[in-house]
Amino acid sequence: KDLDDGMWAEKMKNDWYMIQVSIADPSEFFDPMSSIDIDAIKKTTSIYLSTHTIHMIPPLLSTNLVSLNHNQKRPSLTVQIEFDENMNVVNSFLFESNFYNKNRFDYEEFSRSLLNIGSKFHNQLDLLYEIWKKLEIKRLYKWAIKFEESDRHIGDNWAYNKKHIASLIVREAAIATNIEVSKY
């Protein structure tokens with residue numbers, strides 16, 4: 001299976017936050033306007049169905065050479081966003097990078113590690129959770145967009161839907177990233 005994105009977060013001085021969202025960059029593996037590139041442009045995205053995936057680029061690339069697999073360094077495009085204590089964007093940067101994946105999480109494993117205080121990745125995931133809560137509150141206050149009716153059950157007992165919390169964190173990071181990328 002392909003893994004095309006990864007996240008990292010840090011708490012900065014003055015109670016500021018920094019997130020980095022990295023997206024796999026397949027452009028190193030084929031030439032612009034090659035048949036693979038033209039096919040990818042036509043498809044625009046991979047489509048994930050319950051029974052199979054329709055890959056934007058050939059599976060050998062998308063699931064192996066380009067995929068941000070565990071313990072592998074891969075070319076990526078990274079967006080770094082720095083927020084102040086009120087979650088206002090202070091700085092953002094878009095740059096090429098080599099992403100090294102320390103751990104591959106599916107949504108359920110992400111949530112299990114978040115809930116397990118003894119987990120090796122608990123502090124990092126808890127920071128992502130903290131950032132998600134603040135970003136979502138700000139977005140809902142500013143734009144009043146709520147994606148799914150079932151999201152409202154998360155607030156009081158988010159352990160109730162462990163898989164869902166991870167997808168909400170990823171979604172909120174994607175929203176912030178897309179807003180910043182749209183400025184370039």
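Residues numbered from 1 in each chain as written. Predicted model: local features only at pLDDT ≥ 70, side-chain atom pairs only at ≥ 80, totals over all residues. Heavy atoms only, no water.

K.L.:
Let's hear about helix H3 (residues 107-115): which residues, and what values?
P.N.:
Three or more residues of H3 are buried, namely Phe-110, Ser-111, Ser-113 and Leu-114. Projection of H3 onto a plane perpendicular to its axis shows the buried side chains occupying an angular sector of 165 degrees, all on one side. Of the residues flanking the start of H3, the one acting as N-cap is Asp-106, its side-chain oxygen 3.2 Å from the backbone nitrogen of Glu-108. (Buried < 20%, exposed > 50% of the residue type's maximum accessible area, 1.4 Å probe, protein only. Helix = DSSP H or I, 4+ residues; strand = E, 2+ residues; numbered from the N terminus. Arc of directions from axis to C-beta. Polar contact = N/O pair within 3.5 Å; in protein donor to acceptor, adjacent residues only side chain to side chain.)

K.L.:
Describe the packing of aromatic side chains, with residues and values.
P.N.:
Considering all chains together, one arrives at 3 aromatic pairs under this definition. Ring geometry for Phe-105 and Phe-110: centres 6.0 Å apart, planes at 75 degrees, overall edge-to-face. Looking at Phe-105, the relative accessible area reads 23%, which means it is partly exposed. Aromatic side chains Phe-105 and Phe-121 sit 5.5 Å apart centroid to centroid with 90 degrees between the ring planes, which places their arrangement in the edge-to-face category. (Phe/Tyr/Trp six-rings, centres within 6.5 Å; stacked < 30°, edge-to-face > 60°.)

K.L.:
Give me the sheet that holds strand E2 (residues 17-24): which residues, what numbers.
P.N.:
On the basis of which strands lie adjacent, the open sheet formed by 4 strands has the order E1-E2-E5-E6 and antiparallel pairing. Here the strands that pair on one side only, and so sit at the sheet edges, are strand E1 (5-11) and strand E6 (89-100). Across the sheet, the mean angle from the axis of one strand to that of its neighbour is 20 degrees, orientation sign disregarded. Pairing geometry for E1 and E2, over 7 bridges, is antiparallel. Bridging across to E2, Lys-11 finds its partner in Tyr-17. (Pairing = 2+ DSSP bridges. Axes fitted to C-alpha atoms, helices over the stretch in contact; angles between N-to-C directions.)

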